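# Geometric and topological summary
Residue strings, one per chain:
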Amino acid sequence: MRGLTHAALLGSVPFGLAQHHYGPPRGGPRQGTKTWSGHGWGSSSTATSGSDSSTGSSDSGSQSCNMITSEDIESAGNNTLFTRWRPHSHFLAPAGWMNDPCAPIYDPKRDVYHLFYQWHPQHINWGNISWGYATSKDMITWEDYNGWENSEALALGPTGYGNYNGLGIFSGTGQPVNMQGEEDGTLLLFYTSVAHLPTNWQIEYQPFTETQSLAYSTDGGKTWEEYEGNPVINTTTNLAPMNWNVTGFRDPFFEPWPAMDQILGMHEPHYYSVFGSGIKGVGPRMPLWSAPASDLTDWTFQGALWEPAANTSLGPIISTATYGFNFEVSGFFSLPDSDGNLHYYINMGTEGNNLTFHPSNHWALWNEGIVSRRENGSAEFTPVAGGAADWGLSYALTSFNDTKNNRRVQWAWAPEDLVGDSGLFSAKQQGFQGSLALPRELFVHETKGVMNVNGSVSYSREATLEQNQDGTFKATTLGIKPLADVVEGLVADASHKNFDVGTVSSSKVIQQEGSAHMELKASITSATGACGLIVGASPDMTEYTTISYQPTNNTIIVDRSMSSTIEGFNNASVTGYFHPYTIRQHDGSSKQEAINMDVFVDGSLVEIYINERFALATRIYPSMECSTGFGVYVEDGAEATFEGVEAWMGTLNVWPSRPLDSSSPLIWDTAAETNNYTWWSGN
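Residues numbered from 1 in each chain as written. Predicted model: local features only at pLDDT ≥ 70, side-chain atom pairs only at ≥ 80, totals over all residues. Heavy atoms only, no water.

### Considerations on the overall build of the chain
- Scanning the chain from N- to C-terminus turns up eight helices and 40 strands.
- For the chain, whose C-alpha radius of gyration is 25 Å, the value lies close to the compact-globule estimate of 26 Å for 683 residues.
- Summarising its shape, the C-alpha atoms of the chain cover approximately 70 × 65 × 45 Å along the three principal directions.
- By residue count, 64% of the 683 residues in the chain fall in the buried class. (Helix = DSSP H or I, 4+ residues; strand = E, 2+ residues; numbered from the N terminus. Rg over C-alpha atoms; globule rule 2.2 N^0.38 Å. Buried < 20%, exposed > 50% of the residue type's maximum accessible area, 1.4 Å probe, protein only.)

### Overview of the UniProt feature "domain: Glycosyl hydrolase family 32 N-terminal" (unreviewed entry) in the chain
- Per the UniProt entry, the sites bearing "domain: Glycosyl hydrolase family 32 N-terminal" (unreviewed entry) are residues 90-448 in this numbering.
- The distance from the first to the last C-alpha atom of residues 90-448 is 34 Å, and the span holds 5% helix and 47% strand. (UniProt positions renumbered as here; feature names shortened; annotations may be inferred.)

### What to know about the sheet that holds strand β14 (residues 300-306)
- Pairing within the open sheet is antiparallel, and its four strands lie in the order β11-β12-β13-β14. Of all strands in the sheet, those with a lone pairing partner are β11 (246-256) and β14, marking the two edges. On average, each strand axis in the sheet is tilted by 25 degrees relative to the strand beside it, whichever way the strands run.
- Taken together, the four bridges between strand β13 (residues 283-292) and β14 define a ladder with antiparallel strand orientation. Within β14, the residue paired with Trp289 across the bridge is Phe301. (Pairing = 2+ DSSP bridges. Axes fitted to C-alpha atoms, helices over the stretch in contact; angles between N-to-C directions.)

### Looking at the UniProt feature "domain: Glycosyl hydrolase family 32 C-terminal" (unreviewed entry) in the chain
- The feature "domain: Glycosyl hydrolase family 32 C-terminal" (unreviewed entry), as annotated in UniProt, sits at residues 495-648 in this numbering.
- Helix makes up 0% of residues 495-648 and strand 56%, with an end-to-end C-alpha separation of 5 Å.

### Looking at the sheet that holds strand β17 (residues 362-373)
- Spatially, the four strands line up as an open sheet ordered β15-β16-β17-β18, and their pairing is antiparallel. Looking at which strands have only one partner, the edges of the open sheet turn out to be β15 (326-336) and β18 (379-388). Put simply, the sheet's adjacent strands are angled 30 degrees from each other on average, direction ignored.
- Two elements, strand β16 (residues 342-351) and β17, share eight bridges in a ladder whose sense is antiparallel. Note that in β17 the partner of Thr350 across the bridge is Trp363.

### Concerning unusual backbone geometry
- Look at the link from Leu197 to Pro198: it is a cis peptide, with omega at 0 degrees.
- With respect to the helices and strands, the residue Pro198 is situated in the loop between β8 (187-194) and β9 (210-217).
- Here the amide bond leading from Asn230 into Pro231 is cis, since omega sits at -10 degrees, within 30 degrees of zero.
- Tracing the backbone shows Pro231 in the loop between β10 (225-226) and β11.
- In the Ramachandran plot, Asn150 falls in the positive-phi region, its phi being about 50 degrees despite a non-glycine side chain.
- Note that Asn150 resides in the loop between β5 (143-144) and β6 (154-156).
- According to the relative accessible area criterion, Asn150 is partly exposed, its value standing at 34%.
- Residues other than glycine seldom take positive phi values, yet Asn311 does so here, at roughly 55 degrees.
- Of note, Asn311 is situated in the loop between β14 and α4 (317-320).
- On the basis of relative accessibility, which here comes to 39%, the residue Asn311 falls in the partly exposed class.

### Focus on the nonpolar core
- With 67 residues, the main nonpolar core has Met260, Leu305, Ile608 and Phe642 as its most contacted residues.
- Summarising the domain contributions, this core has at least three residues from each of domain 2 (243-402) and domain 3 (496-649).
- Setting aside chain neighbours within four positions, we find Ile608 in contact with Ile547, Val558, Asp598, Val599, Phe614, Ala615 and Leu616. (Core = buried A, V, L, I, M, F, W, Y, C linked by side-chain atoms within 4.5 Å. Domains from an automatic or database assignment. Contact = heavy atoms within 4.5 Å.)

### Details of the packing of aromatic side chains
- Throughout the structure, instances matching the rule amount to 48 aromatic pairs.
- For the ring pair Tyr113 and Phe400, a centre distance of 6.3 Å and an interplane angle of 75 degrees mean the geometry is edge-to-face. One end of the pair, Tyr113, is in strand β3 (residues 112-120); the other, Phe400, is in strand β19 (residues 395-402), with 287 residues separating them in the sequence. With respect to class, Tyr113 is no different from Phe400; both count as buried.
- Judged by centre distance (5.2 Å) and plane angle (35 degrees), the ring pair of Tyr161 and Trp679 falls under tilted. On the criterion of sequence distance, the pair formed by Tyr161 in the loop between β6 and β7 (168-175) and Trp679 in the segment after β40 (640-649) is long-range, its members being 518 residues apart.
- Its relative accessible area of 52% is what places Tyr161 among the exposed residues.
- An aromatic cluster is present here, built from Phe190, Trp244, Phe249, Phe254, Tyr271, Phe275, Trp289, Trp299 and Phe301 joined pairwise through their rings.
- One residue, Arg613, lies across the ring of Tyr581, its end atom 3.8 Å from the ring centre. (Phe/Tyr/Trp six-rings, centres within 6.5 Å; stacked < 30°, edge-to-face > 60°. Lys NZ or Arg CZ within 6 Å of the ring centre and 35° of its normal.)

### What about the confidence of the model for the chain?
- Confidence in the prediction for the chain averages 91 pLDDT; 91% of positions are at 70 or higher.
- Counting interchain partners and residues more than four positions distant, the pLDDT-below-50 stretch residues 1-58 has 158 contacts. (pLDDT = per-residue confidence, 0-100.)

### Details of the state of the cysteines
- Summed over the entire model, instances satisfying the criterion amount to one disulfide.
- There is a disulfide in this structure between Cys65 and Cys626, and the S-S distance comes to 2.0 Å. In this structure, the disulfide formed by Cys65 and Cys626 twists by about 125 degrees around the S-S bond and is classed as right-handed. In this pair, Cys65 sits in the loop between β1 (50-52) and α2 (70-75) while Cys626 sits in the loop between β38 (614-619) and β39 (629-634), placing the two residues 561 residues apart along the sequence. As far as burial versus exposure is concerned, Cys65 and Cys626 are alike and both buried. (Disulfide = S-S within 2.5 Å.)

### Observations concerning a negative patch on the surface
- Negative charge collects at one region of the surface, where Glu71, Asp72, Glu74, Asp421 and Glu567 lie side by side.
- Residue contributions to the negative patch peak at three residues, all from α2.
- By secondary structure assignment, the location of Glu74 is in helix α2. (Patch = residues over 30% accessible without salt bridge, like charges linked within 9 Å, V, L, I, M, F, W, Y side chains within 5 Å. Areas by Shrake-Rupley, 256 points an atom, 1.4 Å probe, with all protein chains shown as cover. Salt bridge = Lys/Arg side-chain N within 4 Å of Asp/Glu carboxyl O. Lys, Arg positive; Asp, Glu negative; His and termini not counted. Charge placed at Lys NZ, Arg CZ, Asp CG, Glu CD.)

### Digging into the pairing of strand β36 (residues 595-602)
- Among the eight residues that make up β36, seven are buried, leaving the element largely enclosed by the rest of the structure.
- Taken together, the eight bridges between strand β29 (residues 517-527) and β36 define a ladder with antiparallel strand orientation. Paired with Met518 across the bridge in β36 is Val601.
- In terms of strand pairing, β36 meets strand β37 (residues 605-610) through six bridges, oriented antiparallel. The residue of β37 that forms the bridge with Asp602 is Leu605.

### Points about helix α8 (residues 484-491)
- Of the residues making up α8, those classed as buried are Val486, Val487, Gly489, Leu490 and Val491.
- Those residues of α8 that are buried lie in contact with β25 (473-482), β29, β36 and β40.

### Looking at the environment of Ala414
- Topologically, Ala414 is positioned in strand β20 (residues 407-414).
- In contact with Ala414, not counting residues within four places along its chain, are Leu393, Ser394, Gly434, Ser435, Leu436, Ala437, Leu605 and Arg619.

Take a look at the structure:
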C-alpha cells in the first residue's frame, strides 16, 4: 500500500508541507497499461449501484493508456499537444497566452453578455498585453469577437512606444452606459494604459508608467474607439497617489455605488473606482476615485479606501492569508443579507506572500468590512472578516452586477501550473496558457445555530458571528458557488450516474473510465478521519489525485503527488482552509454539518467547491488519457459515510464555432520589438 499510505500520511502533515516537488510521483508501479488492484484500492464500477440517466459522452473507447513522457513533450513540435489537457467547458482564449478577465458586462439593450481578457495572441508568454473578446447570450456558450484564428478576437491593443497606451492595455472593467452615465446602448470600458515597462512592485516605479483611459462602442461591441481625451487619470508626481512612492497604480474597477454616495454625502449619483497600488516599505493600498455619473471622464481622488500595513493579516494566516506588499485587481461590492442589511466587501490580488503552504507570490483574497467616513471626509474600510477567494491558483478576480438575474458574478483567471523549463515546460507544445474559472455567484452566506466550539469559528476570522439567546450564533461570511444555470447547461447532455457508496472504511474507485470533462458531487455526512474524493485515476492507479478534508487542522488538501508521471508539471499539494460548522440540533444535541463537495474536471483544470463558501482551482496533467477514473477516499483506520454521489461525464464544449484545435502559428518577437527583451520575453 505504498501509494495510498503515502497520500494519507502526507494528508496528515499540517498544511501539506511535505510536498514541494515536481516530477514523477514517488511510489507505485510504472507499467502504464496494465489493469491491477494493487495499493489496497477497491476498484470497478460494479462495486457500487450506478444508474445511467443520460446519453452523453464519457470519452468511452477513446482513452489510451499509453504514457507520454517529459522527453516526448520536449521533442514535440509547436501546438502538437494543443488538445491534450485543454479545457473545453470553460472560457478561454482561442490560443496563445491569456491572463486576467476584464470588463464583464451585461448589455440590457441587446440582451448580451460581454467578456474581455488579457491576451498575447500567437505567443505562449506574457507580453504586448491586449484585450481579447467574446460574447454570449447566457454565459454558457460563447462566440469569439470577429473570429477565432490568429489575432482575430482582438478588441483593443497597444499603439506603440511613445503613446500613453503604447506598451499595454492592462486590466479594467466596463459598464453598459455612455460617458454621461446613460443607458443608450453604449458600452464603456475603463482600463490601465501602459507607457513604460517593465513595472513591478519590487522595482523603482517610473512616473506615468500607468495611466487610466476609456474606450467605448456604440454598435454593441462590433467596433471600439479610444476616448479622444485619454488618459482621464494622469496624475503628476506632485499629487497622490503618484507621490506615495507607489508600487503600482492599475486595474480600475468602477461601478455606481449608491451606499458610498450616502457615506460621503454626495448630492448626485457618482461612480467609484478602486485600483491596485501600494507604498514601498509601508504596505498595499486601495486608492478610491469618484466621478459624477453625468461625466465619467471627470475623476477625483478620494484617498485610500484601505491602508493595511505590509505583509500583515486579518487573523490566522492559515484561514485569512496575508495582504503581502502590493495590491492588484482590486474590487468592491455590497450585498444584502436575508434581512436586507448591506454587507460591504472588497477583493484584491496580493503580491509578495510566498508562504510555505501557499508557495505562490500571488493570492486572491476577500474581506468584509465596515465603511465609514474619516474626519477629512474620505471613506475608510475596516475589515471584520476575510479569507481566500480561491485557495488554489486562481487570481485576478473581477466581478459585475448581472442585472438580468439580480446577482453578483465573479470571474477569475486560472493560470497553468508549469514548473519545468523556467515555467514554460510544454507551453509551446500546448500552444496556449491559461483559462478562466467557471463564473461564480457571490452572496451573503448565513448559517444559523452555529456553535463556536472553543472559540474556533471566531478565531478563524472567516465569518462574523451574531450571538443568539440560546448561546448559538448566526455565522455570516461570503458565499461562493458556480452559477447554477451555467452548470445546468454544462451537464445537460452529459452521461449521468448515481453511486450508492454508503459507509466505507477504505478508498474505492467507483468508476474506472470517467471523462476528462466532468462534474463529480458527494456529501460526506460523517467521518472519523480524513476523507474526500479521487479524480484523474488511471486503471492501474499509477496516477490519481485525492481531494480530502483533514479534520486535524480544518484544511482541504489536494494531493497531487500521484497526479502525473511527467516531470515538469507541478505535483505539489494544494492547501485550503475549511472549517465545518457544528450546528445545534432541535433536540439540543450538536452535529457537524455535512461536507458537500462539488468537483469539476475539465482537461487539466480542476475546480473544487465546498458548502457554498469554499473555492479552490488547481491543475493536473496526467500522462495517460485513460487517467479519468474517480472514487472516494478514506484514510487508513478511518471510515466515512458518502451520500448523494453523482457524476456527469462529458460536459459541454462551450465554444461551438471553434474547432477543438483552434491553435494558431506561434510567433517569437525580435529584440527591436521588445526593446532588447526588456519589455517582455518575446515568446
